[in-house]
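Here are the chains, one letter per residue:
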Amino acid sequence: QLQLVESGGGLVQPGGSLRLSCAASGFSRAYYATGWFRQAPGKEREGVSCISSSGGTTNFADSVKGRFTISRDNAKNTVYLQMNSLKPEDTAVYYCAAPPVSGCSDFMVVSDYHYWGQGTQVTVSS
């Protein structure tokens, strides 16, 4: 059974940084893309970033471009989301997810992602 587990969330001050990790089991991360989504209270789940199975292509939401980076270590079957210059507006539960394809689309659609982690809370506050 495919499982995704996020970690690395927590409380950070504005301008600070966090690194989120998504570890996979039950399948090889080398064959599938991975996306990061987030959901704040009262808002719909939105796509944050996606990385292809090879790591050769990445996508970012306009709201995080220049501040977040995504990477993968296929040897560890893990994908990372490095979040810098964090803002209070970044506060949300962050989820990693995988679609049954190797590449990333220009637009991240929730229904395209079949496997989800449990989420990790990120709170940006002074």
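Numbers given for residues are sequential positions, taken from 1 along each chain in its written order. Totals for whole chains, interfaces and linings use every residue, but because this is a predicted model, local features are given only for residues with pLDDT of at least 70 and side-chain atom pairs only at 80 or more, for both listing and counting. Hydrogens are left out, water is left out, and the side-chain values use all remaining heavy atoms of the structure.

A.B. asks: Would you explain the overall build of the chain in this entry?
C.D. replies: Secondary structure elements follow DSSP: runs of H or I of four or more residues count as helices, runs of E of two or more count as strands, with numbering from the N terminus. When you go through the chain residue by residue, the secondary structure sums to zero helices and 11 strands. Ordered by position from N to C terminus, the α and β elements of the chain give β-β-β-β-β-β-β-β-β-β-β. C-alpha atoms define the radius of gyration, and 2.2 Å times the number of residues to the power 0.38 defines the globule rule. Taken against the 2.2 N^0.38 rule, which gives 14 Å for 126 residues, the C-alpha radius of gyration of the chain at 13 Å falls within 12% of a compact globule. Taken over the C-alpha atoms alone, the chain extends approximately 40 × 25 × 25 Å along its principal axes. Sorting the 126 residues of the chain into buried and exposed places 43% on the buried side. Note on exposure labels: buried denotes an accessible area under 20% of the residue type's maximum, exposed denotes more than 50%, and partly exposed covers the range between, all computed with a 1.4 Å probe on protein chains only.

A.B. asks: What's the story with the sheet that holds strand 3 (residues 18–25) in this structure? I'm lost.
C.D. replies: Within a sheet, each strand pairs with its neighbour through backbone hydrogen bonds, oriented either parallel or antiparallel. The criterion for strand pairing is that DSSP finds at least two bridges linking the strands in question. The strand order across the open sheet built from four strands is 1-3-8-7, with neighbouring strands paired in antiparallel fashion. Both edges of this open sheet fall to strand 1 (3–7) and strand 7 (68–73), since each of them pairs with a single strand only. Direction aside, neighbouring strands of the sheet carry axes that sit 15° apart on average. By the bridge criterion, six bridges tie strand 7 to strand 8 (residues 78–83) in an arrangement that is antiparallel. Within the sheet, the bridge partner assigned to serine 71 lies in strand 8 and is tyrosine 80. With axes taken as lines fitted to C-alpha atoms, and helix axes fitted only over the stretch in contact, angles between N-to-C directions fall between 0 and 180 degrees.

A.B. asks: What is the right way to read the pattern of salt bridges from this model?
C.D. replies: When the charged atoms of two side chains lie near each other, side chains of opposite charge can form a pair. A carboxyl oxygen of Asp or Glu within 4 Å of a side-chain nitrogen of Lys or Arg is what we treat as a salt bridge. Under the criterion given, the structure shown has four salt bridges. One salt bridge connects arginine 38 with aspartate 90, and the closest N-O pair in it is separated by 2.9 Å. With arginine 38 in strand 4 (residues 34–39) and aspartate 90 in the loop between strand 8 and strand 9 (92–98), the pair connects residues that are 52 residues apart, well separated along the chain. Accessibility expressed as a relative area gives 6% for arginine 38, which makes it buried. With a closest N to O distance of 2.8 Å, arginine 67 and aspartate 90 form a salt bridge. Residue arginine 67 is located in the loop between strand 6 (58–60) and strand 7, and its partner aspartate 90 is located in the loop between strand 8 and strand 9; the two are separated by 23 residues in the primary sequence. A single network of salt bridges, built from pairs that share partners, joins Arg38, Glu46, Arg67 and Asp90.

A.B. asks: Honestly, the nonpolar core in this entry has me stumped. Any pointers?
C.D. replies: Considering soluble globular proteins, one finds that nonpolar side chains tend to be buried as a cluster. Ranked by internal contacts, the top residues of the largest apolar core, which has 25 residues, are Trp36, Phe68, Leu81, Met83 and Tyr94. Within the residue set of this core, elements represented by two or more residues are strand 3, strand 5 (46–51), strand 7, strand 8, strand 9 and strand 11 (120–124). Contacts are assigned to residue pairs with any non-hydrogen atoms lying within 4.5 Å of each other. Beyond its immediate sequence surroundings of up to four residues, methionine 83 is in contact with Gly16, Ser17, Leu18, Leu20, Arg67, Phe68, Tyr94 and Val122. Here the nonpolar core consists of buried residues drawn from Ala, Val, Leu, Ile, Met, Phe, Trp, Tyr and Cys, with membership extended through side-chain atoms lying within 4.5 Å. In this structure, Ala33, Phe37, Ala97 and Cys104 belong to the second largest nonpolar core, which totals six residues.

A.B. asks: Would you mind showing me how to read the pairing of strand 7 here?
C.D. replies: Look at any regular strand and the pattern is simple: side chains alternate between the two faces of the sheet. Burial of the side chains of strand 7 is restricted to one face: Phe68, Ile70 and Arg72 are buried, whereas none of Thr69, Ser71 and Asp73 on the reverse face is. Linking strand 7 back to strand 8 in an antiparallel pair, the connection comprises four residues, with asparagine 77 at a positive phi of about 55°.

A.B. asks: When you look at the state of the cysteines in this model, what are you seeing that I'm missing?
C.D. replies: A disulfide bridge is the covalent bond that connects two cysteines by way of their sulfur atoms. In what follows, a disulfide is any cysteine sulfur pair within 2.5 Å. A full pass over the atoms with the stated rule returns two disulfides. Each sulfur in the disulfide pair cysteine 22 and cysteine 96 lies 1.9 Å from the other. Residues cysteine 22 and cysteine 96 share a disulfide whose torsion about the S-S bond is about 60°; that sign makes it right-handed. Within this pair, whereas cysteine 22 is found in strand 3, its partner cysteine 96 is found in strand 9, the two being separated by 74 residues in sequence. For cysteine 22, a relative accessible area of 0% puts it in the buried group. With relative accessibility at 0%, the residue cysteine 96 sits in the buried group. Covalently, cysteine 50 is tied to cysteine 104 through a disulfide, its sulfur atoms 2.0 Å apart. The disulfide joining cysteine 50 to cysteine 104 has a torsion of about -80° about its S-S bond and is therefore left-handed. You can see cysteine 50 sitting in strand 5 and its partner cysteine 104 sitting in the loop between strand 9 and strand 10 (115–116), a full 54 residues away along the chain. A relative accessible area of 0% places cysteine 50 in the buried class.

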